[in-house]
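Understanding the architecture of this molecule
What follows is the residue order along each chain.
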Amino acid sequence: MEYIGATGKPVTLDEVPVDDGIDFHFILSFAIDADASGNPQNGIFKPYWAPSLTPESVAAVKSKHPNVKAMASLSGWSLDSTTLRWYKPENSHIWISNAFDSLKSIIETYHLDGIDIDYENFPKHNESFSYCIGELITYLKNQSVISVATIAPYRLTTIPYVQLFGAYGDVIDYVNHQFYTDKVRTTEAYLEDFRLRTAEFDKEKVLPSYEIDGRGIQGDAFFDALHILEENGFDINGIMIYSADASASTNLTTKFYYEQKSQEFLLNSSRV
């Protein structure tokens, strides 16, 4: 799974290398319940990802690679300079209905297969998050609008996501925990962190993650950590990378290196 389109840097779907032997999920970033100024719109989502990620480009990459799926990630950290936050809807049922209708339109327009939940800022009382998001995912799946749903907690948002997963884990397919926010930089620390996060969620659904030119463990040490996870009995059922934008901006010798090596790892893994 790879996030794409969040930073404003030029990037296209067709430049990312995709091996046809493995499921590859592009996570378009982001669809946001806000107007252009960041004002909440009561569940009416709009796509704010890079303009290069057009409906035609999504259809083309899926036609070329039948193993590709595309998803919309909801919210993210900010919209330009406005920090985005979960807010308690005045009426949860209206918010869910608006979210369903607006996301269904985006999903159909952009030929998407699922949604990723990436709210990163919460008020002290956030009980409505679990209910609204859990019911939204359930409704979208029950109506066959989506076939896959993921969540993307990080170290400061564990509690609301654990609550969501505890109540609606049966409709959540993968947990894209942002391990790079946990400040682990060694293989041993990555193993201990993975033990912690898989205990909080479902160890079969938690995916190790990597931030290109970013925080946390870097370079080939990430793949060393994956081997150690396997040696300690964990199944590596996928890898999440953030982001194609960063990878496209690196020099030619390392451009999309981690996408290619991650796919090679998963294809060669004895446990997959």
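Check the entry above for the structure.
What counts and what doesn't
Residues numbered from 1 in each chain as written. Predicted model: local features only at pLDDT ≥ 70, side-chain atom pairs only at ≥ 80, totals over all residues. Heavy atoms only, no water. Helix = DSSP H or I, 4+ residues; strand = E, 2+ residues; numbered from the N terminus. Rg over C-alpha atoms; globule rule 2.2 N^0.38 Å. Buried < 20%, exposed > 50% of the residue type's maximum accessible area, 1.4 Å probe, protein only. Pairing = 2+ DSSP bridges.

Looking now at the overall build of the chain. Secondary structure summary: the chain contains eight helices and 11 strands in total. For 272 residues, the compact-globule estimate of 2.2 N^0.38 gives 19 Å, and the C-alpha radius of gyration of the chain, at 18 Å, lies within 12% of that figure. Dimensions along the principal axes, computed over C-alpha positions, put the chain at roughly 50 × 40 × 35 Å. Counting across all 272 residues of the chain, residues that qualify as buried make up 56%.

What follows is about the pairing of strand S4 (residues 68–76). For a regular strand, the rule is simple: side chains alternate between the two faces of the sheet. Most of S4 is tucked away, with eight of its nine residues classed as buried. In this sheet, S4 lies alongside strand S2 (residues 24–32) in parallel orientation, the contact comprising seven bridges. In the sheet register, Ala-31 faces S4, and the bridge partner there is Leu-74. As judged from the six bridges shared by S4 and strand S7 (residues 114–119), these two strands associate in the parallel manner. Note that in S7 the partner of Gly-76 across the bridge is Tyr-119.

Everything listed here is a matter of geometry and, on its own, says nothing about what the molecule does.
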